[in-house]
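Results of the structural survey
Take a look at the letters that make up each chain.
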Amino acid sequence: MKIAILGAAGRMGQNLLRCAKKMDGCEIVAAVERAGHPLIGEPVPERKGLCYTTDWPKDAEAVIDFTFHECVTSNLANAVANKQAVVLGTTGLADGEKQCVADAATKVPVVWAANMSLGVNLLLELVKRTAAVLGQDYDVEITEAHHRLKKDAPSGTALSLAEAAVAGRDVALSDVACYGRAGIVGERPTGEIGIHAVRGGAIVGEHTVAFIADEETVEITHKAATREAFATGALRAALWLGGRGPGLYTMRHVLGFVE
Ligand code: NAD
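Residues numbered from 1 in each chain as written. Predicted model: local features only at pLDDT ≥ 70, side-chain atom pairs only at ≥ 80, totals over all residues. Heavy atoms only, no water.

1. With respect to the side chain of His69
Residue position: His69 is located in helix α2 (residues 69–81). Overall, His69 belongs to the buried group, its relative accessible area being 18%. (Helix = DSSP H or I, 4+ residues; strand = E, 2+ residues; numbered from the N terminus. Buried < 20%, exposed > 50% of the residue type's maximum accessible area, 1.4 Å probe, protein only.)

2. What to know about unusual backbone geometry
Following Ala153, the chain continues into Pro154 via a peptide bond in cis, with omega recorded as -10°. Tracing the sequence through the fold places Pro154 in the loop between β7 (139–146) and α5 (156–167). Even without being a glycine, Glu46 presents a positive backbone phi close to 60°. Of the residues examined, Glu46 reaches a relative accessible area of 70% and is grouped as exposed. Although it is not a glycine, Asp170 sits at a positive phi angle of roughly 60°. Note on placement: Asp170 falls in the loop between α5 and α6 (173–176). The class of Asp170 is exposed, set by a relative accessible area of 77%.

3. Quick word on the sheet that holds strand β4 (residues 62–65)
The seven strands lie next to each other as β3-β2-β1-β4-β5-β6-β12, forming an open sheet whose pairing is parallel. What marks the edges here is a single partner per strand, and that holds for β3 (52–53) and β12 (247–249). Relative to strand β2 (residues 27–32), strand β1 (residues 2–6) runs parallel, the two sharing five bridges. Looking at β2, one finds that Leu6 is bridged to Val32. Those strands touched by helix α1 (residues 11–22) are β1, β2, β3 and β4, and its axis lies near 160° from that of β1. Set on the sheet, helix α3 (residues 95–104) makes contact with β5 (85–88), β6 (109–112) and β12; between it and β6 the angle comes to about 140°. (Pairing = 2+ DSSP bridges. Contact = heavy atoms within 4.5 Å. Axes fitted to C-alpha atoms, helices over the stretch in contact; angles between N-to-C directions.)

4. Structural notes on the packing of helix α4 (residues 118–134) against α5
Put simply, α4 and α5 touch, their axes get as near as 7 Å, and they point 30° apart. Our classification of the angle between α4 and α5 gives roughly parallel. Crossing of α4 over α5 shows right-handed handedness. Residues Val120, Leu123, Leu124, Val127, Lys128 and Ala131 of α4 touch α5, and the partners they reach there are Thr157, Ser160, Leu161, Ala164, Ala165 and Ala167. Among the residues making up the contact of α4 with α5, the classes are represented as nine nonpolar, two polar and one charged. (Parallel < 35°, antiparallel > 145°, perpendicular 65-115°, else oblique. Left-handed = near helix turned anticlockwise from the far one by under 90°. Nonpolar A, V, L, I, M, F, W, Y, C, P; charged D, E, K, R; others polar.)

Keep in mind these values describe shape, not function.
Given below as structure tokens:
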């Protein structure tokens, strides 16, 4: 599979370049960066003949986007114009940008996941089942922690976990979500889902979902040790897209949790 990395000089981009070397079937054909990035024109280390570029990688079969939400729309338009599969890992998308993802997926195959790690996608499955089994008597509180440079909050993964928790309850997340608490907030309403963001140091990504009842607490936690957890999943997603038709897929499809 000929793969281009968008955001190649970034934290995730560097991990993708490193992981692709270890994964059979992944051929990196382009390392794309934004105009004005200091590495444009510089060689990509340990990649003979590859330089960081702003050119759209027309020869790629799939593009992996870990950039910034504001450039996702134009990246998708380019991928559609060139009939390329897309793995979209960038988070913090505005509603209009999310609509662009859905529109693009009617024309090319797109894997879109706020967290590409195998462990987190297993966590999503466990949270959904736990919420359904335990019911409303267990208060759900989600805590996420990330490095101090992360730009969006709460994390896309925390939002996905909240969506997984409400999935079995027949309610909309917007009706029950509580993003942090301060001041005289009153008693906790039944069914509320608390979502809290911690920022500091170099934490790669930690998520805990607590189901809290009067008599017991169940906690499900995932901790990413390195960004390779996400990079490996993103490359697996790109390989999975080979030969697939248009559609909007998640890591649950890639990992075989759903057909
Ligand atoms: P980063 O800031 O280190 O890297 C982003 C890179 O994208 C930068 O090098 C920047 O110059 C580049 N860029 C910006 N605009 C561009 C454009 N138009 N074309 C090409 N490159 C462009 O950020 P990061 O930590 O690598 O994270 C990137 C995104 O991925 C964030 O939204 C983050 O939340 C998300 N993320 C998702 C997952 C996941 O599993 N889905 C995991 C980690 C991070």
